[in-house]
Structures are given as C-alpha cells and as structure tokens.
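Per-entry structural report
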Amino acid sequence: MATLGLLDDASAGPDALAVFDDIRAVRGSEYINNFWRALAHDPALLEAIWSRLKQVMAPGALDPLVKEMVYVAVSVANGCEYCIHSHTAAAKAKGMSEAQHAELLAVIGMASQTNALATALAVEVDARFRV
C-alpha cells in the first residue's frame, strides 16, 4: 500500500490532472500507473519527475530498449521492486525477447557478484582503467 495512497482522477488536483493528460498523450494510453498516482500528492514533483523522465528516456545516443534494460539493472541494484516490474514490462513492450531478458539477468547477477567480491577484497583499480 502506498504510504500516501494513490490519487484517482476524481481526487487529483488540476495540476496533477494536467500531467496525467500529458502522460496519456505521450504514451498513447489511458492508463496512469501507480507511481504517477502516488506522486500526484505533490503536483510540482510529479511534473518535474515526468518532464525529466520524458527527456532522459527519449531516443538519443542509446536505443530506447537499451535505456529500459539499463533501468531494469539499476532498479535491481537499488532493490526497487516497482521499477523492476514496470521497466521490465516497458522493455518487453519495446521488443526485449525472453533470451535478452535472461541474458540481462545473467549480466546483472554477474555484476552483482563481481562487484561484491571487488569491494570485499578492496581491489585497487588498475591505472589503465582510470579515465
């Protein structure tokens, strides 16, 4: 259960509803997910996060699918169940195959293991790796 609850369209104020309308338009869907409904308690924060997300996740030097896969990896590292699920769904919607998903999880698992070992061993970074 969300700590502040989720605001439906009838409960959200006009500023939050304006962001909801933009989310619907950008995504071509009537669905507003729970993350945005929770943020609607603070319309300024809702608008700021939505604006930044649109900018960061837009096509650019990285393909949108790659961005979603990176988002999944970071969400796993941060332990955010909500973002793991929502961005896995987004990656699948952008074409991530089951094989890619399995390989992504293998890379995440490998990175988690080697990160922990390098940290525990306090391995000094090789001079040639410093950029």
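Despite not being glycine, Ala122 shows a phi value in the positive range, around 50 degrees. Among the residues examined, Ala122 registers a relative accessible area of 63% and is labelled exposed.

Judged by nonpolar contacts, the single largest core of 14 residues is most densely connected at Phe20, Ile23, Trp36, Ala40, Leu46 and Trp50. Going through the elements one at a time, α1 (14-27), α2 (34-39) and α3 (43-57) are the ones with two or more residues in this core. When near neighbours in sequence (up to four residues on either side) are disregarded, Ala40 contacts Leu7, Ala16, Phe20 and Leu46. Formed by seven residues, the second largest nonpolar core is a distinct cluster that contains Leu65, Ala91, Leu104 and Ile108.

This part takes up the environment of Ala73. The residue Ala73 is located in helix α4 (residues 64-78) in this model. Residues Ala73 and His87, 14 residues apart in the sequence, show an inter-C-alpha distance of 9.6 Å.

Relative to the helices and strands, Arg37 is located in helix α2. Other than its neighbours up to four places away in sequence, Arg37 contacts Gly5, Leu6, Leu7, Asp8, Asp9, Phe20, Arg24 and Ile32.

A grouping of Phe35, Leu45, Ile49 and Tyr82 is seen on the molecular surface, where their side chains present a nonpolar patch of about 310 Å² in accessible area. Examined against the element boundaries, Tyr82 turns out to sit in helix α5 (residues 81-93).

This part is about helix α6 (residues 98-121). For an α-helix the count is 3.6 residues per turn, leaving residues at separations of three or four pointing the same way. The end-to-end C-alpha distance of α6, which contains 24 residues, comes to 35 Å, matching closely the 34 Å that a straight helix rising 1.5 Å per residue would cover. Restricting attention to buried positions, one finds in α6 the residues His101, Leu104 and Ile108. At its buried positions, α6 is contacted by α4 and α5.

Within the secondary structure, Ser75 is located in helix α4. Residue classification places Ser75 among the buried residues on the basis of a relative accessible area of 5%. Contact partners of Ser75, with chain neighbours within four places excluded, come to Cys80, Cys83 and Ile84.

What counts and what doesn't
Residues numbered from 1 in each chain as written. Predicted model: local features only at pLDDT ≥ 70, side-chain atom pairs only at ≥ 80, totals over all residues. Heavy atoms only, no water. Buried < 20%, exposed > 50% of the residue type's maximum accessible area, 1.4 Å probe, protein only. Core = buried A, V, L, I, M, F, W, Y, C linked by side-chain atoms within 4.5 Å. Helix = DSSP H or I, 4+ residues; strand = E, 2+ residues; numbered from the N terminus. Contact = heavy atoms within 4.5 Å. Patch = residues over 30% accessible without salt bridge, like charges linked within 9 Å, V, L, I, M, F, W, Y side chains within 5 Å. Areas by Shrake-Rupley, 256 points an atom, 1.4 Å probe, with all protein chains shown as cover. Salt bridge = Lys/Arg side-chain N within 4 Å of Asp/Glu carboxyl O. Expected span 1.5 Å × (residues − 1).

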